[in-house]
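Structural description and commentary
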Amino acid sequence: METSENIKSYYQDYISIYKDETDRLKQFKTFIDKTESDQLFDRKNFVGHITGSAIIFDYKNSKVLLIKHIILQRWLQPGGHIEKTDASILDGVYREILEETSIAKDDLMLISPIFGKKFPIDIDSHPIPENPAKHEKQHFHHDLRYFFIYKGEKITEESENLKWSDVSSLSSQVTFLKLVKKIWDLLDIDLNTRLFYENIISKARTTGENYIAVVVSHIIPDTVHYLRAIDTIFPIQTIVPKPNSIDEKTYTIVRKDFKISHVCREDMAQDTENEVIRILENTNEKILLFDIGGYFAHIHETWPVTILERIALIIEDTENGYQKYEHVIGDSERKKQNYPFKVVSVARSPLKENEDFLVGQSVFFSADALMREDGKLIQYLKCGILGYGKIGRSIASHLLQRGVKPAVYDTNPLKRVSAFNELNRIPDRDSIIKESDILFSATGNKSLKIEDFRELKNGCYIFSVTSSDDELELEFTGEYEKQEVRKHIFKYSNENMNYFFLVNDGNAVNFIYNAVMGDFIHLVRAEMILAINGLPGYAPGKISTVPTDIRENIAESWLKVFEP
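All of these numbers come straight from a predicted model, not from anything done at the bench.

**Here's the deal with the overall build of the chain**
Per the secondary structure count, the chain includes 19 helices and 21 strands. The principal-axis extents of the C-alpha atoms in the chain amount to approximately 100 × 55 × 40 Å. The contacts in the chain between residues at least 6 apart in sequence include a share of 68% that link residues at least 24 apart. As displayed, the chain has an accessible area near 26,400 Å², and 49% of this comes from carbon and sulfur atoms.

**Some remarks on the pattern of salt bridges**
Using the criterion set out here, one finds 38 salt bridges in the structure. Two residues, Arg-95 and Asp-86, come together in a salt bridge whose shortest N-O distance is 2.9 Å. Between Asp-368 and Arg-372 there is a salt bridge; the shortest N-O distance is 3.3 Å. You can see Asp-368 and its partner Arg-372 sitting in helix H12 (residues 350–373), four residues apart, about one turn around the helix.

**A closer look at the sheet that holds strand S14 (residues 383–386)**
Read across the open sheet, the seven strands follow the order S15-S14-S16-S17-S20-S19-S18; overall the sheet is mixed. In the strand order of this sheet, the two ends are held by strand S15 (407–409) and strand S18 (481–486), each with one partner. Pairwise comparison of adjacent strand axes, ignoring direction, gives a mean angle of 25 degrees for this sheet. Pairing of S14 with S15, which is carried by three bridges, proceeds in the parallel orientation.

**Concerning the packing of helix H6 (residues 224–233) against helix H7 (residues 248–257)**
Where H6 meets H7, the closest approach of the two axes is 11 Å, and the angle between their N-to-C directions is 10 degrees. Taken together, the axes of H6 and H7 are roughly parallel relative to one another. The crossing of H6 and H7 is right-handed. Residues Val-224, Leu-227 and Arg-228 of H6 form the contact with H7, whose own contacting residues are Thr-250, Ile-253, Val-254 and Asp-257. Of the residues contributing to the contact of H6 with H7, the split by class is four nonpolar, one polar and two charged.

**Points about the pairing of strand S1 (residues 48–58)**
Among the eleven residues in S1, eleven count as buried, and that is most of the element. What you see with S1 is no split at all: Gly-48, Ile-50, Gly-52, Ala-54, Ile-56 and Asp-58 on one side and His-49, Thr-51, Ser-53, Ile-55 and Phe-57 on the other are buried throughout. When S1 meets strand S4 (residues 79–81), the two strands line up antiparallel, connected through three bridges. Its bridge partner lying in S4, Thr-51 is registered against His-81. Where S1 and strand S2 (residues 63–69) come together, two bridges link them in antiparallel fashion. Looking at the pairing, Asp-58 lines up with Lys-63 of S2. The hairpin formed by S1 and S2 contains four residues between the paired strands, and Ser-62 there has a positive phi angle of roughly 55 degrees.

**With respect to the sheet that holds strand S10 (residues 236–246)**
Strand order in the open sheet formed by six strands is S10-S9-S11-S12-S13-S21, and the pairing between neighbours is parallel. Looking at strand neighbours, the two that pair on one side only are S10 and strand S21 (543–544), the edges of this open sheet.

**Quick word on a negative patch on the surface**
Residues Glu-266, Asp-267, Asp-271, Glu-273 and Glu-281 make up a contiguous surface patch of negative charge. Within the secondary structure, Glu-273 is located in the loop between helix H8 (265–270) and helix H9 (275–280).

**As for the domain arrangement of the chain**
By the assigned domains, the chain splits into domain 1 (4–188), domain 2 (197–351 + 517–562) and domain 3 (357–511). Distance between the C-alpha centres of domain 2 and domain 3: 30 Å. In this assembly, 14 residues from domain 2 lie in contact with 14 residues from domain 3. Each partner contributes to the roughly 980 Å² buried at the junction of domain 2 and domain 3, and carbon and sulfur atoms together form 48% of this total. It is Asn-244, Asn-320 and Met-517 that lose the most area in domain 2 upon contact with domain 3, and together they represent 48% of the buried surface on that side. Linking domain 2 with domain 3 are three residue pairs in polar contact (both at pLDDT 80 or more).

**Considerations on the packing of helix H5 (residues 191–203) against helix H18 (residues 521–530)**
Two elements in contact, H5 and H18, have axes whose closest approach is 10 Å; the angle formed by their N-to-C orientations is 20 degrees. It follows from the interaxial angle that H5 and H18 lie roughly parallel. For the pair H5 and H18, the crossing hand works out as right-handed. From H5, Thr-193, Phe-196, Tyr-197, Ile-200 and Lys-203 reach across to H18, where they touch His-522, Arg-525, Ala-526, Ile-529 and Leu-530. Taken together, the residues of the contact of H5 with H18 sort by class into six nonpolar, two polar and two charged.

**Description of the packing of aromatic side chains**
Under the criterion given, the structure shown has 21 aromatic pairs. Each ring, one from Tyr-339 and one from Phe-341, has its centre 5.5 Å from the other, and the planes form 85 degrees; the classification is edge-to-face. The exposure class of Tyr-339 is buried, given its relative accessible area of 4%. On the accessibility criterion, Phe-341 (1% relative accessible area) is buried.

**A closer look at unusual backbone geometry**
Its identity is not glycine, yet Ser-62 carries a phi of approximately 55 degrees, on the positive side. Inspection of the secondary structure assignment puts Ser-62 in the loop between S1 and S2. The phi dihedral of Lys-446 is positive, around 50 degrees, even though this residue is not glycine.

**Describing H12**
Each α-helix winds once per 3.6 residues, and so residues spaced three or four apart point in a common direction. Compared with an ideal rise of 1.5 Å per residue, which puts 24 residues at 34 Å, H12 spans 36 Å between its outermost C-alpha atoms and is within 8% of the ideal. At the N-terminal end of H12, a side-chain oxygen is found 3.0 Å from the backbone nitrogen of Leu-351, two or three residues along, and the residue is Ser-349. Gly-375, located one to two residues past H12, shows a positive phi value of around 80 degrees.

**Digging into helix H2 (residues 26–34)**
Within H2, burial applies to Phe-28, Phe-31 and Ile-32. Down the axis, H2 shows its buried residues gathered within 90 degrees of arc, on one side only. Facing away from the buried side of H2 by over 90 degrees, the exposed positions are Lys-26 and Lys-34. On its buried face, H2 is in contact with helix H1 (4–17), S1, strand S6 (122–128) and strand S7 (139–150).

**A word on the side chain of Thr-35**
Within the secondary structure, Thr-35 sits in the loop between H2 and S1. A polar contact of 2.5 Å, which involves the side chain of Thr-35, links it to the backbone oxygen of Phe-31. Among all residues touching Thr-35, those that are not within four sequence positions of it are Ser-4, Leu-40 and Asn-45.

Cut-offs used in this document
- Residues numbered from 1 in each chain as written.
- Predicted model: local features only at pLDDT ≥ 70, side-chain atom pairs only at ≥ 80, totals over all residues.
- Heavy atoms only, no water.
- Helix = DSSP H or I, 4+ residues; strand = E, 2+ residues; numbered from the N terminus.
- Contact = heavy atoms within 4.5 Å.
- Areas by Shrake-Rupley, 256 points an atom, 1.4 Å probe, with all protein chains shown as cover.
- Salt bridge = Lys/Arg side-chain N within 4 Å of Asp/Glu carboxyl O.
- Pairing = 2+ DSSP bridges.
- Axes fitted to C-alpha atoms, helices over the stretch in contact; angles between N-to-C directions.
- Parallel < 35°, antiparallel > 145°, perpendicular 65-115°, else oblique.
- Left-handed = near helix turned anticlockwise from the far one by under 90°.
- Nonpolar A, V, L, I, M, F, W, Y, C, P; charged D, E, K, R; others polar.
- Buried < 20%, exposed > 50% of the residue type's maximum accessible area, 1.4 Å probe, protein only.
- Patch = residues over 30% accessible without salt bridge, like charges linked within 9 Å, V, L, I, M, F, W, Y side chains within 5 Å.
- Lys, Arg positive; Asp, Glu negative; His and termini not counted.
- Charge placed at Lys NZ, Arg CZ, Asp CG, Glu CD.
- Domains from an automatic or database assignment.
- Buried area = accessible area lost by both parts, 1.4 Å probe.
- Polar contact = N/O pair within 3.5 Å; in protein donor to acceptor, adjacent residues only side chain to side chain.
- Phe/Tyr/Trp six-rings, centres within 6.5 Å; stacked < 30°, edge-to-face > 60°.
- Expected span 1.5 Å × (residues − 1).
- Arc of directions from axis to C-beta.

Structure below.
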């Protein structure tokens with residue numbers, strides 16, 4: 001049973017969210033301040049006692065479940081008194097739901113106003129009339145109301161004492177006036193995303209260990225729930241934002257909740273006094289490093305041993321990051337050294353394929369939009385693609401749908417065969433460089449070097465699918481004069497009258513439009529979070545993958561939430 005201190009903590013968290021309810025909860029505050037723990041839930045305490053109830057919402061039909069209270073003869077939400085055998089108020093609510101509606105806990109998903117916490121949506125103090133038959137004096141119920149989404153296969157049948165009612169019908173009762181607005185606030189456009197991550201949080205297995213996290217992340221709208229989900233399981237010590245993918249509105253939201261450390265990839269290992277190191281030096285827990293692009297690949301060379309020995313797992317997201325870890329692990333083997341960390345990558349996961357296809361789509365969309373702003377139509381231009389991985393392949397597919405037959409080059413001959421089979425042209429690399437009006441760089445591994453820039457067709461537009469330092473050797477373009485000719489478009493020209501246009505300064509073009517991936521992006525992020533479940537099976541000094549059963553479970557959870 002929960003103590004007075006637990007309830008006071010609930011109150012403080014509640015008021016931090018619903019600041020305008022301080023006056024409304026004065027009676028509840030006085031009650032919990034003056035009442036001992038063993039009297040808080042005692043139904044014989046006729047000053048008052050705490051009860052629990054459930055707002056059960058059928059999301060598909062926008063209905064709430066009500067039961068007919070026999071004594072009060074009113075339609076109310078399920079709930080009642082908390083028994084001594086209940087481990088918590090919420091457990092008491094689950095018990096009352098089962099007794100009064102036959103709905104099992106597994107058919108409910110708790111939605112809290114505080115992400116990742118089992119927290120009530122409303123606290124209401126209301127009088128209960130005297131009941132002479134039970135020798136009960138008039139007293140107060142201080143009701144903690146929890147909000148649930150009903151997720152059962154079959155809607156509970158209505159009966160004489162049970163019905164599904166419109167949410168708006170609650171507004172006719174004074175005790176529910178505040179509650180109705182709160183329900184609609186929770187049922188925002190991000191509800192499905194939240195439901196998914198709440199489900200993922202419940203699946204994380206930490207085997208009793210306390211982990212903390214450092215997260216390299218894009219700061220764009222669809223990352224907020226992901227970051228909060230990580231923080232719920234593994235408290236985030238700091239977030240390292242990818243510098244070329246920061247949406248200012250999202251940044252304002254994120255920095256209110258999290259420490260932000262602007263540390264570039266090179267300084268992560270080379271600067272031995274960087275902010276991430278300083279933060280981790282003041283911690284004792286085991287560490288999880290969530291990576292995008294190999295930020296932590298070389299930290300074993302420079303970071304303090306007191307931090308290195310606590311790193312439990314590095315989780316890498318991208319293909320270019322995979323290649324960086326692959327290189328550093330191979331380099332360690334050549335030096336007869338052991339790479340000390342367990343590394344798991346989702347870059348080549350089947351779940352990632354959905355994201356990669358949509359990345360290609362968003363790159364194509366962004367390129368098409370920018371070319372139109374320049375008065376050019378992509379379908380009438382010669383398009384080349386360097387790299388026929390999953391993203392390059394997606395770009396080619398969308399070009400073909402637009403009637404463009406792109407020229408494709410990949411260093412892997414097997415991929416060139418696939419490109420040809422899928423109706424692309426496969427001329428030699430030099431021809432693509434010299435003849436393309438638009439060039440998509442999609443290798444993640446320095447696809448264009450200084451000698452390539454010199455050979456580009458004049459006026460060629462270059463679109464990258466990843467950060468410029470991974471895709472392009474821009475450090476050797478000093479011979480070129482750089483001029484921003486239009487927002488996001490930079491012209492490079494040299495004294496030999498050679499010029500080209502570099503879009504978004506060589507960084508991923510799709511981030512101009514926030515790189516919207518839809519709901520599929522959450523699949524691979526969930527895989528990164530649940531990578532912890534496979535920790536016992538990963539070995540240091542190699543790149544591991546998340547076990548198939550975990551991936552399948554994620555896919556099943558995703559379908560339950562997002563499938564139309």
